[in-house]
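The residues making up each chain are set out below.
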Amino acid sequence: MYRYDKYDQAVVDARVDEFRDQTARRLAGQMTEDQFKPLRLKNGLYLQLHAYMLRVAIPYGTLNSTQMRKLAHIARTYDRGYGHFTTRQNIQYHWIKLQDAPDILAELATVEMHAIQTSGESIRNISADQYAGAAADEIEDPRAWAELIRQATTFHPEFSYLPRKFKIALIASPTDRAALRWHDLALRIVRNEAGEPGFEVFAGGGMGRTPFIAYPIRAFCPAEQIFSYIQAVLRVWNSHARRDNIHKQRMKILVHDLGHEEFTRQVEETFAHILTLGTDFPRAEYERIAAYFAPPPFETGLPEEIDRSDPDFALWVDRQIAPHKAPGYAIVNVSLKRIGGIGGDITAEQMDAVADLAERYSFDDIRVSHAQNLVLPHVRKQDLYAVWQALDAAGLADVNLDLVTDIIACPGLDYCSLANARSIPIAQKIAQRFADPARQLELGELKIKISGCINACGHHHAGHIGILGVDRKGTENYQLLLGGSGAEDTSLAKITGPGFDENGIVDAVEKATDVYLRERTEGERFLDTYRRIGVEPFKEAIYG
Amino acid sequence: MAESPLRFRDDTPADEPAVTLDAFLDQQDAVSVRIEAGDDVRRLIPVLDRVKLVEIDFPRFRDGRGYSSARILREAGYKGELKATGDVLVDQVLFMRRCGFDSFAPDAPIDPAVLDAALKRYDYVYQTAADDAVPVWKLRHG
């Protein structure tokens, strides 16, 4: 993985100093909260219902064991002994004191981490395929480009007071594991006919109260021009977005209002100009970064077979393991979706356990997925049993990847000052209803996503089953949506009808799964059946 | 503000009050122009030769349109004074300097010591911009 040199370290150290100064000025009353808020947000510090929340960047979802242990240390020292992995592959701590924040940043800087641009109207942390460098189906490891873009977009002087947040995702596989087209700017590494690398570019995606799937705006941008292209997109948006209504300032609204053809025309015009300025990083810099992402020294001649004599282990293998590009290796998915728990939450002790496993069995490499699980990307198949036993001892061996209990839920009204309804208890009730492992496997891939307000942090627009919590005359009410997808078959879920109370929504979800079990044909997932038969049979069962 | 630490130029400031972009384009002898957030600064490019002062207004410090306006003017070759006016706070001046602003007329006074620390804090930058800072990729590769 990438390692800081003296320049990267100096930038992060300076940021700690700057934030310490800003916090001191705020605490001394030299700055108003209005003036301080955008500054602390640019450093991932939110004020939530009960305390400050600090979001720490995990660039493109990649961590080493030293970093994971530092995250555990921060959880123990400054929080309540746990952290929460997010849908953008970051980690956040929910019980932070403002005066501790500079010290936490200083601790992070010692392990090449930071909270730069994890919130606020800035270019956010870049998300990427959690299987990068391991996936059997990738063209190349996308993280070298992600790191180059991370540097290019860090403290960009022109684009640090943007109309709204700006999220970039990057993948290099035909399979989309990163909810690509739900981002403001979505990049997929491709090759042109001459075999040269470049990016297929989509723009204007986003969830929130006005969901849009990103439009394709360029079939091929030469890889070495990508920074110019990103700057062109940002300049068009920064110059022309509305500034009068915070709900209309995301780039998706401009793309929609102008029409994607006109938006694309303006981007191309600006791109042609910016290319002449010579701001793109040279090939040599890409190669310097890419060297850090060279494949680890995979052994050869390893056995492919896995001893499945322990039936619990066999169940786990069948669900949690994905194919690796190197013979004899496997990708291990570590569930953070224990039934009755809080999805994405992890204790400091569990972080340490994962760090130990990564160090011993996975070339010191850990990933975070947008579905709020962890990944050990490079495990020898012959070590899987030992890894499983250790995960099981740490309470991390649940078998539910992409199943009905692998739910994405936002923090909701339990933590968030924006929420209208609780999300976590709804996720817990659904998980308990479907807790039977055989029933989960019978239902197969089924992605439930729950948001506690229309800002859609729980990705309800992209759920095979989506749930949106709203406030209806002072009580929490939950709307049911069907048919969304955050994968390569991206689609927008649609509301089925009137909402439900807390127990009613769980019943409605169960009725939807009953329709699926009744109607499905061989090999169909829930989403496939929904797409084939349409919403009516579901409405009939749920409301009839 | 001519003698203040908020002007980073040695030449004599233009003494003519700035007029709106529309008025400036109408008045052939005007030399000072005021850009409001939302103005398309590219309209100035054909007449840049006669511009001595561009004021770019920040109605709220969170409104970042002026950063792009500044970059566009500098990229078009504008060498005259580029002044940020309005809701300009100390924590924004570094990025404004990098975008080509070389004078500042903030609504509220800026503490010179805090400003000095802010402008000196970062030894390295990742991107080329409108200033002469050398990006780290260039330092890495000579």
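Provided above is the structure to which this section pertains.
Conventions and cut-offs
Residues numbered from 1 in each chain as written. Chains lettered and ligands numbered in written order. Predicted model: local features only at pLDDT ≥ 70, side-chain atom pairs only at ≥ 80, totals over all residues. Helix = DSSP H or I, 4+ residues; strand = E, 2+ residues; numbered from the N terminus. Rg over C-alpha atoms; globule rule 2.2 N^0.38 Å. Buried ≥ 20, exposed ≤ 12 C-beta atoms within 10 Å, placed from the backbone. Contact = placed C-beta atoms within 7 Å. Pairing = 2+ DSSP bridges. Axes fitted to C-alpha atoms, helices over the stretch in contact; angles between N-to-C directions. Nonpolar A, V, L, I, M, F, W, Y, C, P; charged D, E, K, R; others polar. Parallel < 35°, antiparallel > 145°, perpendicular 65-115°, else oblique. Core = buried A, V, L, I, M, F, W, Y, C linked by C-beta atoms within 7 Å. Expected span 1.5 Å × (residues − 1).

A. Structural detail: the overall build of chain B. Scanning chain B from N- to C-terminus turns up five helices and five strands. The order of helices and strands in chain B, counted from the N terminus, is β-α-β-β-α-β-α-β-α-α. For 142 residues, the compact-globule estimate of 2.2 N^0.38 gives 14 Å, and chain B sits close to it at 15 Å. By principal-axis analysis of the C-alpha atoms, chain B measures approximately 50 × 35 × 30 Å. Relative to its full complement of 142 residues, chain B shows a buried share of 39%.

B. The overall build of chain A, seen in detail. A count of helical and extended segments in chain A gives 17 helices and 20 strands. The C-alpha atoms of chain A give 23 Å as radius of gyration, which agrees with the globular expectation for 544 residues (24 Å, within 12%). Along the three orthogonal principal directions, the C-alpha set of chain A runs to about 60 × 60 × 55 Å. The buried share among the 544 residues of chain A stands at 54%. For chain A, long-range pairs separated by at least 24 residues make up 67% of all intrachain contacts whose partners lie at least 6 apart in sequence.

C. Just the sheet that holds strand S20 (residues 494-495) of chain A, in detail. Residue and element names in this part refer to chain A. The strand order across the open sheet formed by five strands is S16-S17-S18-S19-S20, and the pairing between neighbours is mixed. Each edge of the sheet is formed by a strand with only one pairing partner; in this case those strands are strand S16 (408-409) and S20. Here strand S19 (residues 475-482) pairs with S20 via two bridges, running antiparallel. The residue bridging Leu482 from the neighbouring strand is Lys494, located in S20. Where helix H13 (residues 424-433) meets the sheet, its contacts fall on S16, strand S17 (448-451), strand S18 (465-472) and S19, and the angle it forms with S17 comes to roughly 155°.

D. Just the pairing of S17(A), in detail. Residue and element names in this part refer to chain A. Covered by surrounding structure in S17 are Ile448 and Ile450 together with Lys449 and Ser451, the residues of both alternating faces. Here four bridges tie S17 to S18, and the two strands are oriented parallel to one another. Bridge pairing in S18 links Ile448 to Ile465.

E. Geometry of the interface of chain B and chain A. If you look at the interface, chain B gives 29 residues, while chain A gives 33 residues. Put simply, the parts of the chain that give the side of chain B that touches chain A at least two residues each are helix H2 (65-75), helix H3 (93-98), helix H4 (112-121) and helix H5 (136-141) of chain B. Looking at the side of chain B that touches chain A, its residues break down into 14 nonpolar, five polar and ten charged.

F. Representation of the packing of helix H3 (residues 65-78) of chain A against helix H11 (residues 348-361) of chain A. Residues and elements named next belong to chain A. Contact geometry for H3 and H11: axes closest at 8 Å, N-to-C directions at 170°. Here H11 runs roughly antiparallel to H3, going by the angle between their axes. Side by side, H3 and H11 meet where Ser65, Met68, Arg69, Leu71, Ala72, Ala75 and Arg76 of the first sit next to Ala348, Met351, Asp352, Val354, Ala355, Ala358 and Glu359 of the second. Residue classes in the contact of H3 with H11 are distributed as nine nonpolar, one polar and four charged.

G. Inspection of helix H7 (residues 251-258) of chain A at higher detail. Residue and element names in this part refer to chain A. What H7 keeps buried is the set Met251, Lys252, Ile253, Leu254 and Val255. The secondary structure elements touched by the buried residues of H7 are strand S9 (197-203), strand S10 (215-222), helix H6 (226-240) and helix H8 (260-275). Gly259 lies just past H7 and shows a positive phi near 90°.

H. Summary view of the nonpolar core. Counting 201 residues, the largest nonpolar core has A:Ala203, A:Val233 and A:Val354 as the members making the most contacts within it. Top contributing element to this core by residue count: H6(A), with eight residues.

I. Structural detail: the sheet that holds strand S5 (residues 103-106) of chain B. Residues and elements named next belong to chain B. On the basis of which strands lie adjacent, the open sheet formed by five strands has the order S1-S2-S3-S4-S5 and parallel pairing. Taken across any chain shown, the strands that pair with only one partner, and hence form the sheet edges, are strand S1 (19-20) and S5. Bridge count for strand S4 (residues 81-86) against S5 is four bridges, and the pairing is parallel. Bridge assignment links Gly86 to a residue of S5, and that residue is Pro106.

J. Examining unusual backbone geometry more closely. Residues and elements named next belong to chain A. Its identity is not glycine, yet Ala456 carries a phi of approximately 70°, on the positive side. According to the C-beta neighbour criterion, Ala456 is buried, with 22 such atoms within 10 Å. With a phi angle near 50°, Lys473 is a residue other than glycine that sits in the positive phi range. With respect to the helices and strands, Lys473 occurs in the loop between S18 and S19. Look at Lys473 and you get exposed, because 5 C-beta atoms sit within 10 Å.

K. Local environment of H3(A). Taking 1.5 Å of rise per residue, 14 residues should cover 20 Å, and H3(A) covers 20 Å from first to last C-alpha, within 8% of that figure. Along H3(A), the positions that sit buried rather than exposed are A:Ser65, A:Gln67, A:Met68, A:Lys70, A:Leu71, A:Ala72, A:Ile74 and A:Ala75.

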